[in-house]
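Spelled out, the chains give:
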Amino acid sequence: MSPPLAVESQVQALTELYNSIQNARHYPRDLLKTAIVPNPLPLTPPSLSLYSQQLKDIAFTFRSDAVQSALRAAQESERADGQNIMNHVRRENRKRRRPPSPESPQPYTVIERQSSSFFPVTRDDLTPLKSSELIEYIRQFNKEHSSYKLGIWQGTRSFVKDVKNPAILRFTIKDVLTAYLTVSYTVNDLALLVESVTAFGPRERRLPHSQSEYSVYRMLSQELGRMIHSDPQVGLQKFMTLLCSYENMFTARCDKCQRVLCVEGHVAAVERVWNESNDQWEPRHVSC
Ligand SMILES: [Zn+2]
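Our subject in this report is the structure included herewith.

Rules and cut-offs
Residues numbered from 1 in each chain as written. Predicted model: local features only at pLDDT ≥ 70, side-chain atom pairs only at ≥ 80, totals over all residues. Heavy atoms only, no water. Salt bridge = Lys/Arg side-chain N within 4 Å of Asp/Glu carboxyl O. Helix = DSSP H or I, 4+ residues; strand = E, 2+ residues; numbered from the N terminus. Buried < 20%, exposed > 50% of the residue type's maximum accessible area, 1.4 Å probe, protein only. Pairing = 2+ DSSP bridges. Axes fitted to C-alpha atoms, helices over the stretch in contact; angles between N-to-C directions. Contact = heavy atoms within 4.5 Å. Phe/Tyr/Trp six-rings, centres within 6.5 Å; stacked < 30°, edge-to-face > 60°. Lys NZ or Arg CZ within 6 Å of the ring centre and 35° of its normal.

1. Thoughts on the pattern of salt bridges
- Applying the stated criterion to the full structure yields 8 salt bridges.
- Note that Arg203 is salt-bridged to Asp175, the shortest N-O span being 3.3 Å. Highlighted residues: Arg203 in the loop between strand S4 (193-200) and helix H8 (215-230) and Asp175 in the loop between strand S2 (167-173) and strand S3 (177-184), separated in sequence by 28 residues.
- Residue Arg203 is classed as exposed on the basis of its relative accessible area of 65%.

2. A look at the sheet that holds S2
- In spatial order, the strands read S1-S2-S3-S4; together these 4 strands make up an open sheet with antiparallel pairing. Edge positions in the open sheet fall to strand S1 (148-153) and S4, since each of these has one partner strand only. The average undirected angle you get between the axes of adjacent strands in this sheet is 20 degrees.
- Here S1 runs beside S2; their pairing, made up of 6 bridges, is antiparallel. Paired with Lys149 across the strands is Thr172, a residue of S2.
- Where H8 meets the sheet, its contacts fall on S3 and S4, and the angle it forms with S4 comes to roughly 170 degrees.

3. Some thoughts on the packing of aromatic side chains
- One pass over the full model with this rule turns up 11 aromatic pairs.
- Pairing Phe119 with Trp281 gives two aromatic rings, centres 5.7 Å apart and planes at 85 degrees, and the pair type is edge-to-face. Taken as a pair, Phe119 in the loop between helix H6 (105-114) and helix H7 (134-144) and Trp281 in strand S6 (residues 280-284) lie far apart in primary sequence, 162 residues in all. As far as the burial class goes, Phe119 and Trp281 line up, both buried.
- Ring pairs connect the aromatic residues Phe119, Phe239, Trp274 and Trp281, which therefore count as one cluster.
- The residue whose ring lies beneath Arg272 is Tyr246, and the NZ or CZ to ring-centre distance is 4.1 Å.

Everything listed here is a matter of coordinates, which is why it stays silent on function.
What follows is the structure, encoded as structure tokens:
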């Protein structure tokens, strides 16, 4: 067999670099603000060093001979014939939905898949929940799940029947966590979307808009934010399957390193990755 063409390895090097830059977009924004914000989100030293190392790795890859020679080759190729060069950035892909061009099938499909939602697409084909259906949904949810509790957080003890927009839901898993979900809808689309989530320890008494004093729950809030960011249209029912997967948060093994706590920082597996073959969320450490 003939060795792989140089151009294939060049495309591979650039695709990998592109993907690692895309992943870096999910790093907590506060990480980049720490120098200018007076009260930045406190990041634990292990997660801070982890993100910082990953950024250094990207810079190292960028300067590597493989990437630099691939970029030079691309530039020369463009100078020689700059026609029909498509921008394969995801916004373009979404708008145009073009089939991959025969000249560059590999990077196109990889980028397309990596930029999509982290949520399963086939799991539930339920129509998104509407505001008027929320009370009944909560009733059913609590009936079906004895170890979880979902309710509307009012802030006061007065009983109001109307669901506000946005509404704040309080979700608890006994002895594991409390999470506040901000859900809202628009006049054009009455489907309830999850805007943000903040996680706390089960016995913390804090307001939904504050943050936990424990780093593991702050990391969890960041992870949940990253998941929403991957699919801002995610409906409440689908999001609840993700939240329920944290029931075994402190006992589940990471699907990569098989440890409960990661080696660096001794943090539980707060990341979740959808496994299509098992049809369930798999726990993973942020550092794995
Ligand atoms: Zn792990």
